[in-house]
Structure formats: structure tokens, C-alpha cells
Amino acid sequence: MARLTAHTRRIVMAAATAVVLTGGVAAAVFLGSDTSANGPGPALAHSSATGKSTGKTDDKPGHASGKPGSSASGDDSAPDGSDGSADATGPAASPGAAGISEVIDHETESGGKSVSITIDDGPSPVWTPKILAVLKQYDVKATFCMIGPQAKANPGMVKQIVAAGHRLCDHTVSHDEAMNKKPVAYQSSEVLDAQKMIEDAAGSAKVQYFRAPGGAFTPDNRHIAASHGMRPLGWNVDTKDWKQPGTEAIVKTVKQELRLGPIVLFHDGGGERAQTVAALKEVLPWLAQQGYTFSFPAI
């Protein structure tokens, strides 16, 4: 079994490894039980399929070139500053949809003094409804970056997200933070199989973004995503809510790091998210009081 990354964060492994065979590539998805006090629900334990650490934790600050708003000429690397594709082999997928930028996005659609709320690793039957309720309370639309099998297991929740006017993002099949070191065929299956799972669960809605786990972007997986209608999506503010540092710490991080750019990262899956829910109840009205508007990420 592959060695779990630091992002495992207190998940009890209660189910056997589910193996998804896609395009001749086997991707291991580790499903556990939600250990929250609010009752059981699926939780995601993240792992590297190679069993070796890449030195990343999930979702590090998402400046592909080290600064927000970088141009296409300089935006060719993963958040840690490396290209991330040196070990990838094989041809990239043939172009599908046209007109979608392969540059990692760190901007909002509306520009100006606006922010985008993005939420990763769900959907969760326990925490996603609570986060949806907070978003509705403050009339905020968000982008949900979903794990393919989580979407497949919770199609009703995916449809509820779409019906509420939120957007969908592909966060791969198995949340492999070392996917940038794998063959292109593997990267392709991680991206495209998750897209299909999410869109099948959603019904008529399309997935409009792709976010590589832990920022494991490569020119290949960005091309694969963009050619199939999904803009690569980075982030500027990493709340680190998955570490459960406390509601106050999550809110403080948003306030301190918002100067880095407008894409803010939270989580609704992978473990207990009570602190995330509580933080959103403070962050969203505070942003509005500061004169920020809410926008989707640019496409």
C-alpha cells in the first residue's frame, strides 16, 4: 500500500481499498469513515500511488510563478516553482474543446475588488450541506473542486450544488499529489475519468475547471484539461483549514493572505469541517464589509 501523505489528518480507515481501472491504469482510492460528531459519512484519505513523498502537502499556496496575476509567458510551473513534468512520459491527449486557456488561473471573472471562494475534496454528505447553507445565507456562489468517486457516490449532492448556481471543478480521481511524476496516460485518466464521474453525477452541468491535487500541475495535464473544456485553477489564499487549526486561525489566514490574490481555498471533504463552516460564517460577511464582491474564477 502507498504511504499516506500528511493530508490524511485523523481519518479512520474503515473501508478496503477501492481500485478504479481506467484506460489501462489502476488508481487506488482510499475511502474511510467520517469521524465527526455529526454522524458517519464518506471521508477521503489522500495518498501517493508511488509510495514516495514529493515534499508537498495538499494545496500549498497556488502561485504557479510565485506571484499572483502572472502572464502566460511565465505561468508554466507548479506552485513549488518546478515544472512538475520532467518524469511524465508519453503523448498528451488529442485536443477536444477549443478556446480554453492552459495557463493556471489566479484571477476572478469580474476582476476589480472581487474574490472567488473555492472548496475542495467533496462532496461530503455531512459537510457540503452545511457549507451550502452558509453560502446561501450570504448569497455567495462558489466553485466546488470535486473528487470523482465522491461525486459518483453523492449525485444528489452534486445536483444540489449545481441547482444553487455554483460551479464544478475536477479535482481528479484519487487525489494523487504525485501525479506530476506519472506517465501522461495516467494523468489523462485521473483528469478525464473524474470529469466524467462529476458530469454524470451533475446531469446537464459541465465541469469548467481543473485543480491538480497539491498543485501537481504539468504542461500535459493542463493541456488535457483545457482541451476538454476545463481551465486549470490555482489559488492565492490557502486557509489550511484541513489542518483544523481553529476557526480563528482560518479567519486570520484569509485576512492576512488576501493581499496575495483573490482565489481562496477551503475544503468540504476529507474529514471534519466544522471549523471551515464556522470560519465561512465570519469570513463571508467580513469580505462584504470590506467592499469585496464575489465572483467565479476566470475561464
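Here the structure is a predicted model, which is why all the values come from computation and not from measurement.

**Concerning the overall build of the chain**
Reasoning step 1: A tally of regular secondary structure across the chain gives seven helices and eleven strands.
Reasoning step 2: The proportion of buried residues among the 299 residues of the chain is 57%.
Reasoning step 3: Contacts in the chain between residues far apart in sequence, at least 24 positions, make up 77% of those at least 6 positions apart.
Reasoning step 4: Counting every atom, the chain has about 11,300 Å² of accessible surface; 53% of that belongs to carbon and sulfur.

**A closer look at the pairing of strand β5 (residues 142-146)**
Reasoning step 1: The element β5 is largely enclosed, with a buried count of five among its five residues.
Reasoning step 2: On β5, burial covers both faces: Ala142, Phe144 and Met146 on one face and Thr143 and Cys145 on the other are all buried.
Reasoning step 3: Sheet topology note: the strand β4 (residues 114-122)/β5 ladder contains five bridges and is parallel. What sits directly across from Asp120, in β5, is Cys145.
Reasoning step 4: Taken together, the four bridges between β5 and strand β6 (residues 167-170) define a ladder with parallel strand orientation. Within β6, the residue paired with Phe144 across the bridge is Leu168.

**Let's talk about the packing of helix α4 (residues 184-202) against helix α5 (residues 219-227)**
Reasoning step 1: Relative to each other, α4 and α5 sit at 40 degrees, their axes nearing to 10 Å. Put simply, α4 runs oblique to α5. The interaxial crossing formed by α4 with α5 has right-handed handedness. In this structure, α4 uses Val184, Gln187, Ser188, Val191 and Leu192 to contact α5, whose residues at the interface are Asp220, Asn221, Ile224 and Ala225.
Reasoning step 2: The residue inventory of the contact of α4 with α5, partitioned by class, reads five nonpolar, three polar and one charged.

**Observations regarding α5**
Reasoning step 1: Most of α5 is tucked away, with eight of its nine residues classed as buried.
Reasoning step 2: Within α5 the residues assigned to the buried category are Asp220, Asn221, Arg222, His223, Ile224, Ala225, Ala226 and Ser227.
Reasoning step 3: Buried residues along α5 sit against α4, β7 (207-210) and β8 (231-232).
Reasoning step 4: Count one or two residues on from α5 and you reach Gly229, which has phi positive near 90 degrees.

**Describing the packing of helix α3 (residues 155-163) against α4**
Reasoning step 1: The geometry of α3 relative to α4 is characterised by a closest axis approach of 7 Å and an angle of 75 degrees between their N-to-C directions. The pairing of α3 with α4 is recorded here as roughly perpendicular in orientation. Between α3 and α4, the residues in contact are Pro155, Val158, Lys159 and Val162 and Ile198, Asp200, Ala201 and Ala202, respectively.
Reasoning step 2: Residues of the contact of α3 with α4, tallied by class, amount to six nonpolar, no polar and two charged.

**Here we look at the nonpolar core**
Reasoning step 1: In terms of nonpolar packing, the biggest core is built from 49 residues, with Ile117, Ile119, Leu135, Phe144, Met146, Leu168 and Phe266 touching the most fellow members.
Reasoning step 2: The element best represented in this core is helix α7 (residues 274-289), accounting for seven residues.
Reasoning step 3: Not counting chain neighbours up to four residues away, the residues in contact with Met146 comprise Gly122, Pro123, Ala151, Val158, Ile161, Leu168, Cys169, Asp170, His171, Thr172 and Ile198.
Reasoning step 4: In this structure, Cys145, Cys169, Leu233 and Trp235 belong to the second largest nonpolar core, which totals eight residues.

**Digging into the packing of aromatic side chains**
Reasoning step 1: One pass over the full model with this rule turns up one aromatic pair.
Reasoning step 2: Ring centres of Phe210 and Phe217 lie 5.7 Å apart, and the angle between their planes is 85 degrees; this geometry places the pair in the edge-to-face category. With respect to class, Phe210 is no different from Phe217; both count as buried.

**Considerations on unusual backbone geometry**
Reasoning step 1: Backbone torsion omega between Gly122 and Pro123 reads 0 degrees, so that peptide bond is classified as cis.
Reasoning step 2: As for its placement among the helices and strands, Pro123 is situated in the loop between β4 and α1 (128-137).
Reasoning step 3: One non-glycine residue with positive phi stands out, namely Asp139, at about 55 degrees.
Reasoning step 4: Within the fold, Asp139 resides in the loop between α1 and β5.
Reasoning step 5: Positive phi, normally seen in glycine, also occurs at Thr172, with a value near 75 degrees.
Reasoning step 6: Within the element layout of this structure, Thr172 appears in the loop between β6 and α4.
Reasoning step 7: Exposure remark for Thr172: the relative accessible area of 0% places this residue in the buried category.

Calculation rules
- Residues numbered from 1 in each chain as written.
- Predicted model: local features only at pLDDT ≥ 70, side-chain atom pairs only at ≥ 80, totals over all residues.
- Heavy atoms only, no water.
- Helix = DSSP H or I, 4+ residues; strand = E, 2+ residues; numbered from the N terminus.
- Buried < 20%, exposed > 50% of the residue type's maximum accessible area, 1.4 Å probe, protein only.
- Contact = heavy atoms within 4.5 Å.
- Areas by Shrake-Rupley, 256 points an atom, 1.4 Å probe, with all protein chains shown as cover.
- Pairing = 2+ DSSP bridges.
- Axes fitted to C-alpha atoms, helices over the stretch in contact; angles between N-to-C directions.
- Parallel < 35°, antiparallel > 145°, perpendicular 65-115°, else oblique.
- Left-handed = near helix turned anticlockwise from the far one by under 90°.
- Nonpolar A, V, L, I, M, F, W, Y, C, P; charged D, E, K, R; others polar.
- Core = buried A, V, L, I, M, F, W, Y, C linked by side-chain atoms within 4.5 Å.
- Phe/Tyr/Trp six-rings, centres within 6.5 Å; stacked < 30°, edge-to-face > 60°.

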